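Each chain is listed here by its residues.
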Amino acid sequence: MSFHEVRFPASLSFGSLGGPERRTEVVTLANGFEERNTPWAHSRRRYDAGVGMRSLDDVEAMIAFFEARRGQLSGFRWKDWSDYRSCKASGQVTFEDQVLGRGDGVTAEWQLVKTYASGGSSYVRPIAKPVQGTVLVGFDGLQLQEGVDWEVDLASGIVSFAHAPDKDVEITAGYEFDVPVRFATDVIQTSVASFQAGDVPSVPVIEVRV
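Let us look at the structure shown here. (Residues numbered from 1 in each chain as written. Predicted model: local features only at pLDDT ≥ 70, side-chain atom pairs only at ≥ 80, totals over all residues. Heavy atoms only, no water.)

Once that is clear, we can look at the overall build of the protein chain. Counting its secondary structure elements, the protein chain contains three helices and 17 strands. Projecting the C-alpha coordinates of the protein chain onto the three principal axes gives extents of approximately 65 × 60 × 35 Å. Split into buried and exposed, the 210 residues of the protein chain put 39% on the buried side. Sequence separation of 24 or more characterises 73% of the internal contacts of the protein chain that already satisfy a separation of 6 or more. (Helix = DSSP H or I, 4+ residues; strand = E, 2+ residues; numbered from the N terminus. Buried < 20%, exposed > 50% of the residue type's maximum accessible area, 1.4 Å probe, protein only. Contact = heavy atoms within 4.5 Å.)

Structure follows, in structure tokens:
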């Protein structure tokens, strides 16, 4: 799968419409009860980049980005302004934001994750596209030094430690991240007259698995 490690202009994604999508299969039984199941372990996000267009210059920049990706062919990074950090929206990123797991003395590579919890239930989302210069990592409440104790692959979100964390050591991390996406269409229709009248083109974007 072709993927370009470049971010869709953040100024254009700001104000876009979108969020997570789930797929649930619901079967209603003869007695009126339901059986519900899902084939998806992870949600998938959809956005409309057209909502963020504010000028003809924005439209031109969007078309240039679309053409450089060859439409749906190549994936790219997307900043979801409603969910792009390991901490709360009002907080600051720290190395203790998210728990990656506990060491076993053997495993030296750990996936960045973000946990969404509510009412005693939780969902753990793999984070594959951390933003350069924002990742912080720690053991048991002590921050570690990047380049000495650990390194991160910005294309996969894998944190590699110089030495495997000792057994039962809590591994934590904080970061900003992008969503891996692609355009969900090979056609973009624009009209100068319509845009000036207040109509914006629809530019659907969909998350891709990496």
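Another aspect to go through is the environment of Asp 58. You can see Asp 58 is positioned in helix H2 (residues 56–68). Residue Asp 58 is classed as buried on the basis of its relative accessible area, which comes to 17%. Taking C-alpha positions, Asp 58 is 9.0 Å from Ser 11, a pair spaced 47 residues apart along the chain. When neighbours within four sequence positions are excluded, Asp 58 is seen to be in contact with Leu 12, Gly 52 and Met 53.

Here we come to a nonpolar patch on the surface. On the surface, a nonpolar cluster with roughly 280 Å² of combined accessible area is contributed by Val 27, Leu 29 and Phe 33. Turning to its location among the elements, Leu 29 is positioned in the loop between strand S3 (25–28) and strand S4 (34–37). With relative accessibility at 31%, the residue Leu 29 sits in the partly exposed group. (Patch = residues over 30% accessible without salt bridge, like charges linked within 9 Å, V, L, I, M, F, W, Y side chains within 5 Å. Areas by Shrake-Rupley, 256 points an atom, 1.4 Å probe, with all protein chains shown as cover. Salt bridge = Lys/Arg side-chain N within 4 Å of Asp/Glu carboxyl O.)

Now for the nonpolar core. It is characteristic of soluble globular proteins that their nonpolar side chains tend to be buried jointly. Core analysis: the largest hydrophobic core is formed by 18 residues, its most contacted members being Leu 100, Leu 112, Val 137, Trp 150, Val 159, Phe 161 and Tyr 175. Elements that contribute at least two residues to this core include exactly strand S11 (136–139), strand S13 (150–153), strand S14 (158–161) and strand S15 (170–174). For Phe 161, the contacting residues outside a window of four places in its chain are Ala 108, Trp 110, Val 137, Phe 139, Leu 144, Asp 149, Trp 150 and Ile 171. One finds Leu 12, Phe 66, Phe 183 and Val 203 within the second-largest nonpolar core, a separate group that totals 17 residues. (Core = buried A, V, L, I, M, F, W, Y, C linked by side-chain atoms within 4.5 Å.)

Turning to the sheet that holds strand S7 (residues 98–102), a few remarks are in order. The antiparallel open sheet is built from four strands, whose spatial order is S7-S15-S11-S12. Since the sheet does not close on itself, it has two edges, and those belong to S7 and strand S12 (142–143), each with one partner. Bridge count between S11 and S12: two bridges; the pairing is antiparallel. Note that in S12 the partner of Gly 138 across the bridge is Gln 143. (Pairing = 2+ DSSP bridges.)

Attention now goes to the sheet that holds S13. The strand order across the open sheet built from three strands is S8-S14-S13, with neighbouring strands paired in antiparallel fashion. Only two strands of the sheet have a single partner each, and these edge strands are strand S8 (109–111) and S13. Taking each pair of neighbouring strands and ignoring which way they run, the sheet shows an average axis angle of 25°. (Axes fitted to C-alpha atoms, helices over the stretch in contact; angles between N-to-C directions.)

By the definition in use, this model includes nine salt bridges. Residue Glu 34 is joined to Arg 36 by a salt bridge in which the shortest nitrogen-to-oxygen separation is 2.9 Å. The exposure class of Glu 34 is partly exposed, given its relative accessible area of 43%. Given a relative accessible area of 61%, Arg 36 falls into the exposed group.

This paragraph deals with the pairing of S11. As paired elements, S11 and S15 share four bridges and run antiparallel to each other. Bridged to Leu 136 within S15 is Gly 174.

Here we come to H2. For H2, built from 13 residues, the straight-helix expectation of 18 Å at 1.5 Å per residue is met to within 8% by its first-to-last C-alpha distance of 18 Å. A positive backbone phi angle near 60° is found at Arg 70, which sits one or two residues after H2. (Expected span 1.5 Å × (residues − 1).)

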